Amino acid sequence: MTAQAPRLIRSTRLLDDVEARIRSEFTAPPPPEHALNTAELLELAHAYQPFAILVTHTSPLKGADVDALPACVKLVATVSVGLDHLDVPALLARDIAVSNTPDVLTDCNADLAIMLILAASRRAAEYYTLMKAGWGRTLGMGEMLGHRVTGKRLGIVGMGRIGQAVAKRARGFDMPILYHNRRRLDPAEEAGATYFDKLEDMLPHCDILTLHMPGSPSAPPLINAHTLGLLPRGSVLVNAARGSLIDEDALIAALKSGQLFAAGLDVFRNEPNPNPALLALPNLFMTPHVGSATVETRTAMGMLALDNVSAMAAGKPLPSGVSA
């Protein structure tokens, strides 16, 4: 490390290989003992005067928080794909560049979506609960039956990197792929999938529906009582994208009524304290927003964030810069 090494701070401790690179290539304080909130991050920024700040969703920078950043900050690099926690236009207006970490978490997010599909369809939450209670009796031939995934029609909302990766995996289960997207993919990307310009037209044909698009807390939920009612009765819903995409009251009603056989969720409207009514549902398989939570992916995310810092310091284009 030289005297000219870029100065940076981070809002949370990163994986060991990433922390080792920070020590080797950058000037930085020790990693924080806990994930910093916004006030703590701003306090550290003013004390340390960094060139770049690495953040996650635990320390959002919006509105007055952007105004409060010291003038020395030239880059905010979020260790995530999502930008919900950043006021990107406000940051860019202050000539502070923004980067995120796309691509490197595509495979793990797609893997998790497939896990949710399988777990919801095959009643994994109920089986696990039974086993933790000791099992204790033989199940009857018609008792606690799930649904076969192989051959089921899979509807994908949002056919970007992750949606296409889910489709690739689903073809291994001989699942016909339907999709709704802002634009139709070219034939090579489509790979035989059926495109629907309108979500409402696709839903009646979906045995399983999985969401892979951005969300906004200020936008109306995409999945509500109306859209759930368009799905075939007994279908399965999976969401590994954003909690804001689903009206959770409507979801609860659909799971209780049998309109949905089951659901698999990795994201919720109120994280990390989801609606207790969701937690009580036996036919809901849940994970705690862990789509990228593998050693390989979290390491790659941290490394990409640091690649952006290095590029910014060298006056080079950012590998994954975010525009307005």
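Values in this document were obtained by computation on a predicted structure and should not be read as measured data. (Residues numbered from 1 in each chain as written. Predicted model: local features only at pLDDT ≥ 70, side-chain atom pairs only at ≥ 80, totals over all residues. Heavy atoms only, no water.)

S.K.: Please provide a residue-by-residue account of the overall build of the protein, values included.
M.R.: Helix and strand counts for the protein stand at 13 helices and 11 strands. In terms of C-alpha radius of gyration, the protein reaches 22 Å, essentially the compact-globule figure of 20 Å for 324 residues. Once the C-alpha set of the protein is aligned to its principal axes, its extents read approximately 70 × 50 × 35 Å. Intrachain contacts of the protein at a sequence separation of at least 6 include 58% that bridge at least 24 residues. (Helix = DSSP H or I, 4+ residues; strand = E, 2+ residues; numbered from the N terminus. Rg over C-alpha atoms; globule rule 2.2 N^0.38 Å. Contact = heavy atoms within 4.5 Å.)

S.K.: Break down the UniProt feature "domain: D-isomer specific 2-hydroxyacid dehydrogenase catalytic" (unreviewed entry) in the protein for me, with residues and values.
M.R.: Annotation from UniProt places "domain: D-isomer specific 2-hydroxyacid dehydrogenase catalytic" (unreviewed entry) at residues 35-322. Along residues 35-322, the helical share is 36% and the strand share 14%, with 24 Å between the first and last C-alpha atoms. (UniProt positions renumbered as here; feature names shortened; annotations may be inferred.)

S.K.: I'd like a description of helix H5 (residues 106-121), backed by residues and values.
M.R.: The end-to-end C-alpha distance of H5, which contains 16 residues, comes to 23 Å, matching closely the 22 Å that a straight helix rising 1.5 Å per residue would cover. Within H5, 12 of the 16 residues are buried, which leaves it mostly tucked inside the rest of the structure. Within the span of H5, buried status applies to Thr 106, Cys 108, Asn 109, Ala 110, Leu 112, Ala 113, Ile 114, Leu 116, Ile 117, Ala 119, Ala 120 and Ser 121. Two residues or fewer after H5 comes Arg 123, characterised by a positive phi angle close to 60 degrees. (Expected span 1.5 Å × (residues − 1). Buried < 20%, exposed > 50% of the residue type's maximum accessible area, 1.4 Å probe, protein only.)

S.K.: Any chance you could break down the pairing of strand E6 (residues 177-180) for me, citing the residues and the numbers?
M.R.: Burial along E6 is two-sided: the face carrying Ile 177 and Tyr 179 and the face carrying Leu 178 and His 180 are both buried. In terms of strand pairing, strand E5 (residues 154-157) meets E6 through 4 bridges, oriented parallel. The partner of Gly 155 across the bridge, within E6, is Leu 178. Handedness of the crossover joining E5 and E6 through helix H7 (residues 161-170): right-handed. (Pairing = 2+ DSSP bridges. Right-handed = clockwise from strand over helix to strand, strands pointing away.)

S.K.: Please give an account of the sheet that holds strand E7 (residues 194-196) that cites residues and values.
M.R.: Across the sheet, which stays open at both edges, the 7 strands sit in the order E7-E6-E5-E8-E9-E10-E11 with parallel pairing between neighbours. Strand pairing shows two members of the sheet lacking a second neighbour, E7 and strand E11 (284-286), which therefore form its edges. Neighbouring strand axes in the sheet, compared pairwise and without regard to direction, differ in orientation by 15 degrees on average. Across the sheet, H7 is in contact with E5, E6 and strand E8 (208-211); its angle to E5 comes to roughly 170 degrees. (Axes fitted to C-alpha atoms, helices over the stretch in contact; angles between N-to-C directions.)

S.K.: Got a sec to walk through the UniProt feature "domain: D-isomer specific 2-hydroxyacid dehydrogenase NAD-binding" (unreviewed entry) in the protein? Specific residues and values, please.
M.R.: As annotated in UniProt, the feature "domain: D-isomer specific 2-hydroxyacid dehydrogenase NAD-binding" (unreviewed entry) corresponds to residues 114-291 in the numbering used here. Helix makes up 31% of residues 114-291 and strand 16%, whereas the separation of the span's terminal C-alpha atoms amounts to 11 Å.

S.K.: Kindly report on the pairing of strand E9 (residues 235-239), identifying the contributing residues and their values.
M.R.: Buried residues dominate E9, accounting for 5 of its 5 residues. On E9, burial covers both faces: Ser 235, Leu 237 and Asn 239 on one face and Val 236 and Val 238 on the other are all buried. Examined bridge by bridge, E8 and E9 share 4 bridges and lie parallel to one another. In the strand pairing of E9, Ile 208 is matched with Val 236. Read from E8 through helix H10 (residues 225-230) to E9, the crossover connection turns out right-handed. Pairing between E9 and strand E10 (residues 260-265): 5 bridges, direction parallel. Of the residues in E10, the one forming a bridge with Val 236 is Ala 262. After leaving E9, the chain enters helix H11 (residues 248-257) and then returns to the sheet as E10, a path that is right-handed.

S.K.: Break down the domain arrangement of the protein for me, with residues and values.
M.R.: The domain architecture assigned to the protein consists of domain 1 (8-100 + 294-322) and domain 2 (105-286). Spacing between the C-alpha centres of domain 1 and domain 2 amounts to 33 Å. Residue-level contacts link 6 residues of domain 1 with 4 residues of domain 2. Of the roughly 450 Å² buried between domain 1 and domain 2, counting both surfaces, carbon and sulfur atoms make up 64%. Considering only the surface of domain 1 that becomes buried against domain 2, Val 81, Asp 84 and Thr 297 emerge as the three largest contributors, covering 71% of it. At the junction of domain 1 and domain 2, the tally comes to 1 salt bridge. Across the pair Arg 242 and Asp 84 runs a salt bridge, and its minimum N-O distance is 3.3 Å. Here domain 1 is connected to domain 2 by 1 residue pair in polar contact (both at pLDDT 80 or more). (Domains from an automatic or database assignment. Buried area = accessible area lost by both parts, 1.4 Å probe. Salt bridge = Lys/Arg side-chain N within 4 Å of Asp/Glu carboxyl O. Polar contact = N/O pair within 3.5 Å; in protein donor to acceptor, adjacent residues only side chain to side chain.)

S.K.: Outline the environment of Ile 223, listing residues and values.
M.R.: With respect to the helices and strands, Ile 223 occurs in the loop between E8 and H10. Separated by 63 residues in sequence, Ile 223 and Met 286 place their C-alpha atoms 18 Å apart. If sequence neighbours within four positions are ignored, Ile 223 has contacts with Leu 209, Leu 211, Leu 228, Leu 237, Leu 245, Ile 246 and Asp 247.

S.K.: Lay out the side chain of Arg 10 with the relevant residues and their values.
M.R.: Along the chain, Arg 10 falls in strand E1 (residues 8-10). Within polar-contact distance, the side chain of Arg 10 engages the side chain of Glu 19 at 2.4 Å. Of the polar contacts made by the side chain of Arg 10, one reaches the backbone oxygen of Pro 29; its length is 2.5 Å. When residues no more than four places from it in sequence are discounted, the contact partners of Arg 10 are Glu 19, Ile 22, Ala 28, Pro 29, Pro 30, Pro 31, Pro 32, Leu 36 and Leu 54.

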